[in-house]
Amino acid sequence: MKIFNDIYNFIMALRFVDIVFYFSILILMILIVILIYFIRINKMEEDEKNKLGETQEMKIAKELRDNMKSNDKMIQFTDYEKDQEDKAIISYDELLNKENNNYELNYETEEMHDDLSVKKVDLGNLVNKSNNAVSNLEVRVISFQKEEAFLEALKRLQKELG
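From a predicted model like this one, the values you see are computed outputs, not experimental measurements. (Residues numbered from 1 in each chain as written. Predicted model: local features only at pLDDT ≥ 70, side-chain atom pairs only at ≥ 80, totals over all residues. Heavy atoms only, no water.)

Participant: Account for the overall build of the chain, naming residues and giving values.
Facilitator: Secondary structure assignment for the chain yields 6 helices and 5 strands. Across the chain, helices and strands are ordered from the amino to the carboxyl terminus as α-α-α-α-α-β-β-β-β-β-α. Every one of the 162 residues in the chain was classed for burial, and the buried ones make up 3%. Pairs at least 24 apart in sequence give 20% of the contacts found in the chain among residues at least 6 apart. Surface exposure of the chain reaches about 16200 Å², of which carbon and sulfur atoms provide 59%. (Helix = DSSP H or I, 4+ residues; strand = E, 2+ residues; numbered from the N terminus. Buried < 20%, exposed > 50% of the residue type's maximum accessible area, 1.4 Å probe, protein only. Contact = heavy atoms within 4.5 Å. Areas by Shrake-Rupley, 256 points an atom, 1.4 Å probe, with all protein chains shown as cover.)

As structure tokens, this is what we get:
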């Protein structure tokens, strides 16, 4: 009974901070042991995978390489896809050099920044290549009053529906 009495007196002599410190050190030691255990398990699994040879990712890559070698066929396009490919414009130069392009761009100003040429396009004066005449593009813009009336009608419709 003397030993239990001594243990009880020792615990009662400890302050709260001492008890918290003791348990935190104990938990830290347990976590370090668990971490070492997981590291050893992962290392053993890696060794087993290396002994087996190729991994799952390596098998997938090998299958893809084999399929690419065996599939040297050309992709068959539909008529729509062929038409879209022919009409596609990849770059600015292609746009300007396109065969059925009837217009030429006029530039208002041209500036040089280092090796880069910056040109301001004059969209109001496009030159027709076939006639060499200036074509005017007609642009219709809704008036501000009509736009406001349309917006009000939409708001009323929304209120009636909701």
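Right, picking up where we left off after that structure.
Participant: For the packing of aromatic side chains, give the residues involved together with the corresponding values.
Facilitator: Per the counting criterion, the structure on display carries 2 aromatic pairs. Taken together, a centroid distance of 5.4 Å and an interplanar angle of 70° make the contact between tyrosine 22 and phenylalanine 23 edge-to-face. The class of phenylalanine 23 is partly exposed, set by a relative accessible area of 45%. Between tyrosine 37 and phenylalanine 38, the ring centres sit 5.9 Å apart and the planes meet at 55°, which makes this aromatic pair tilted. Exposure remark for phenylalanine 38: the relative accessible area of 48% places this residue in the partly exposed category. Positioned over the ring face of tyrosine 107 is lysine 119, at 4.7 Å from the centre of the ring. (Phe/Tyr/Trp six-rings, centres within 6.5 Å; stacked < 30°, edge-to-face > 60°. Lys NZ or Arg CZ within 6 Å of the ring centre and 35° of its normal.)

Participant: An account of unusual backbone geometry is needed here, citing residue identities and associated values.
Facilitator: Look at aspartate 114: it is not a glycine, yet its phi comes out positive at around 55°. With respect to the helices and strands, the residue aspartate 114 is situated in the loop between strand S2 (107-113) and strand S3 (116-121). For aspartate 114, a relative accessible area of 78% corresponds to the exposed category.

Participant: I'd like to hear about the pattern of salt bridges, residue by residue, with values.
Facilitator: Counted under the stated rule, the structure contains 2 salt bridges. Arginine 15 is the partner of aspartate 18 in a salt bridge, and the nearest nitrogen-oxygen pair spans 3.7 Å. The partner of glutamate 108 in a salt bridge is lysine 120, with the nearest N and O atoms 3.5 Å apart. Of the two residues, glutamate 108 sits in strand S2 while lysine 120 sits in strand S3, which places them 12 residues apart along the sequence. Lysine 120 gets classed as partly exposed once you look at its relative accessible area, which sits at 49%. (Salt bridge = Lys/Arg side-chain N within 4 Å of Asp/Glu carboxyl O.)

Participant: Outline a negative patch on the surface, listing residues and values.
Facilitator: On the surface, Glu45, Glu46, Asp47 and Glu48 cluster together into a patch of negative charge. For glutamate 48, the position within the fold is in helix H2 (residues 16-52). (Patch = residues over 30% accessible without salt bridge, like charges linked within 9 Å, V, L, I, M, F, W, Y side chains within 5 Å. Lys, Arg positive; Asp, Glu negative; His and termini not counted. Charge placed at Lys NZ, Arg CZ, Asp CG, Glu CD.)

Participant: Could you give an account of helix H1 (residues 2-13), naming the residues involved and the relevant values?
Facilitator: Between the first and last C-alpha of H1 there are 16 Å, a value that for 12 residues agrees with the 16 Å anticipated at 1.5 Å per step. In terms of burial, H1 is largely open, as just 0 of its 12 residues are buried. (Expected span 1.5 Å × (residues − 1).)

Participant: Kindly report on the pairing of S2, identifying the contributing residues and their values.
Facilitator: As defined by bridge partners, S2 adjoins S3 across 6 bridges and the pair is classed as antiparallel. Bridge assignment links glutamate 110 to a residue of S3, and that residue is lysine 119. Between the end of S2 and the start of S3, which pair antiparallel, lie 2 residues, with aspartate 114 showing a positive phi angle near 55°. (Pairing = 2+ DSSP bridges.)

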